[in-house]
Amino acid sequence: QLQLVESGGGLVQPGGSLRLSCAASGFTLDYYAIGWFRQAPGKEREGVLCVSSTAGSTNYADSVKGRFTISRDNAKNTVYLQMNSLKPEDTAIYYCAARRAYGSNCSGLRWYDYWGQGTQVTVSS
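Definitions and cut-offs
- Going along each chain's sequence as written, the residues are numbered from 1 onward.
- This being a predicted model, a pLDDT of at least 70 is required before a residue's local features are given, and a value of 80 or more before pairs of side-chain atoms are given or counted; all residues contribute to the totals for chains, interfaces and linings.
- Values reported for side chains reflect all heavy atoms of the structure, with hydrogen atoms and water molecules removed beforehand.
- Nonpolar core, defined: a set of buried Ala, Val, Leu, Ile, Met, Phe, Trp, Tyr and Cys residues in which side-chain atoms within 4.5 Å join the residues together.
- We call a residue buried when its accessible area falls under 20% of the maximum for its residue type, exposed when it is over 50%, and partly exposed in between, using a 1.4 Å probe and counting protein chains only.
- Helix numbering and strand numbering both begin at the N terminus, where a helix is a DSSP run of H or I of at least 4 residues and a strand a DSSP run of E of at least 2.
- It only takes one pair of heavy atoms within 4.5 Å for two residues to be counted as in contact.
- Geometry of aromatic contacts follows a simple scheme: Phe, Tyr and Trp rings, the Trp one being its six-membered ring, pair when their centres are within 6.5 Å, and the pair is stacked under 30 degrees between planes, edge-to-face over 60, tilted otherwise.
- Two conditions define a charge located above a ring, namely a distance within 6 Å from the ring centre to NZ of Lys or CZ of Arg, and an angle within 35 degrees of the ring normal.

A. Layout of the nonpolar core. Among the nonpolar cores identified, the biggest contains 29 residues, and Ile34, Trp36, Phe68, Met83 and Tyr94 are the most heavily contacted of them. Listed by contribution, the elements that provide at least two residues to this core are β3 (18-25), β4 (32-39), β5 (46-51), β7 (68-73), β8 (78-83), β9 (92-100) and β11 (119-123). Residue contacts for Phe68: discarding those within four places in its chain leaves Arg38, Val48, Leu49, Leu81, Gln82, Met83, Asn84, Leu86, Asp90 and Tyr94. Ranked by size, the runner-up nonpolar core spans seven residues in total, among them Phe37, Cys50, Cys106 and Tyr112.

Okay, here's the thing in structure tokens:
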């Protein structure tokens, strides 16, 4: 009943852009922190970005600084990940995760209660 669904993934050329969406069902995101994570084949899942319940953002991965932006639209019950200047090493399954929170900070991977099924992002020419 409580569900997160990612969308917007696909195949893009290096240097291109994608916007991923994370839509919540069964609950509202107003008082949740939302994190974006990714997992490449053979690698552990890593944090990308997080947006807090007060819309403050936290960078998990230095590799995406200046290229990726997280935002939330509480009215649409959706969180977005805008990805620009994509590189082949960004290829991964991207997941969103949620944790109820009231502060302006985010925490690590194990902190989140709800996870989406992931959406594949492939960066290749």
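The structure having been displayed, the exposition proceeds.
B. Structural detail: the packing of aromatic side chains. Using the criterion set out here, one finds nine aromatic pairs in the structure. Ring geometry for Phe37 and Trp115: centres 4.9 Å apart, planes at 45°, overall tilted. Taken as a pair, Phe37 in strand β4 and Trp115 in strand β10 (residues 114-115) lie far apart in primary sequence, 78 residues in all. For Trp115, a relative accessible area of 28% gives the class partly exposed. A network of ring pairs unites the aromatic residues Phe37, Tyr60, Trp111, Tyr112 and Trp115 as a single cluster. Here the guanidinium or amino end of Arg19 rests over the ring plane of Tyr80, the centre of that ring lying 4.3 Å away. Across from the ring centre of Tyr95, 3.9 Å away, lies the NZ or CZ of Arg45, which sits over that ring.

Don't take any of this as a statement about function, it's just geometry.
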